[in-house]
Amino acid sequence: FGPCFTKPVYSSAATLHCMTPMCLKEKKVEGEKHRRDLKTPTIEALVREVRSRIWLLSKSHENREWKHNSVGIDELARQARNLARNGEWEDRSRHSTRTDQSMPMGGFVGKILCKGIDPALWPLLRIGAEIHAGRFTVWGNGWYRIQPARLSGDAR
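Residues numbered from 1 in each chain as written. Predicted model: local features only at pLDDT ≥ 70, side-chain atom pairs only at ≥ 80, totals over all residues. Heavy atoms only, no water.

Novice: Would you mind showing me how to read the environment of Glu75 here?
Specialist: Assignment of secondary structure puts Glu75 in helix α3 (residues 70–78). A relative accessible area of 40% means that Glu75 is categorised as partly exposed. Glu75 sits 31 residues away from Glu44 along the chain, and the two C-alpha atoms are 8.7 Å apart. (Helix = DSSP H or I, 4+ residues; strand = E, 2+ residues; numbered from the N terminus. Buried < 20%, exposed > 50% of the residue type's maximum accessible area, 1.4 Å probe, protein only.)

What follows is the structure in structure tokens.
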């Protein structure tokens, strides 16, 4: 993932392009049994899913755990906010030959404009664009691109 760290980004805004359905879960709410699907992805949920996916890939392919400061990363991600979106939830399904049943695999497809992204999160977000994030990534879901955005009124 070296190239994801080499080019610094100084923008605190980004456009998230969800190319295939992205299904992220909200943070677990105390007292609830299951986490709910987010109808529109957030940077906080995306960072949480990318961290989890990196950890799983490191464990399964390198037989070691990925070391990181999740508290610091989570706090930085919590500061980001969605400003606008152009897209919607798309219901898709896949037919399982093993169970002979249809499996729902929907998610958000479209663009989301986000602000408040700390520069330290950009390498992680770029890695996520390479490995995908969310549910059903093994079937091609969760593919996204992220690029710096300029908000009107920015000094840069």
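Novice: What is the right way to look at helix α2 (residues 43–62) in this model?
Specialist: The α-helix advances 3.6 residues per turn, and as a result positions three or four apart in sequence lie on the same side. Its 20 residues give α2 an end-to-end C-alpha distance of 27 Å, which sits within 8% of 28 Å, the value for a rise of 1.5 Å per residue. Of all the positions in α2, only Ile43, Ala45, Leu46, Val47, Arg48, Glu49, Val50, Arg51, Ile54 and Ser58 are classed as buried. (Expected span 1.5 Å × (residues − 1).)

Novice: How do you make sense of the sheet that holds strand β2 (residues 81–90) when you look at a structure like this?
Specialist: Taken together, the 4 strands give an open sheet; going across it, the order is β2-β5-β1-β6, and neighbouring strands pair in antiparallel fashion. Only two strands of the sheet have a single neighbouring strand rather than two, namely β2 and β6 (144–148). Between one strand axis and the next, the sheet turns by 10° as a mean value, whatever way the strands run. Here 9 bridges tie β2 to strand β5 (residues 107–115), and the two strands are oriented antiparallel to one another. Each bridged residue has a counterpart across the sheet, and for Asn86 the counterpart in β5 is Lys111. Each of β1 (13–22), β2, β5 and β6 touches α2; the most contacted strand, β6, lies at about 125° to it. Sitting on the sheet, helix α4 (residues 122–131) touches β1 and β6, and the angle it makes with β6 is about 150°. (Pairing = 2+ DSSP bridges. Axes fitted to C-alpha atoms, helices over the stretch in contact; angles between N-to-C directions. Contact = heavy atoms within 4.5 Å.)

Novice: Which parts of the structure should I look at to understand the nonpolar core?
Specialist: Looking at soluble globular proteins, one finds that nonpolar side chains tend to be buried together. Leu46, Val47, Ile117, Leu125, Tyr144 and Ile146 are the most contacted members of the largest nonpolar core, which totals 31 residues. Setting aside residues no more than four positions away along its own chain, Val47 makes contact with Ile73, Ala77, Leu121, Leu124 and Leu125. (Core = buried A, V, L, I, M, F, W, Y, C linked by side-chain atoms within 4.5 Å.)

Novice: Please explain the pairing of β5 as it appears in this structure.
Specialist: Remark: a regular strand shows side chains that alternate across the two faces of the sheet. Sheet topology places β1 next to β5; 7 bridges connect them, and they run antiparallel. Counterpart to His17 in the pairing with β5 is Lys111.

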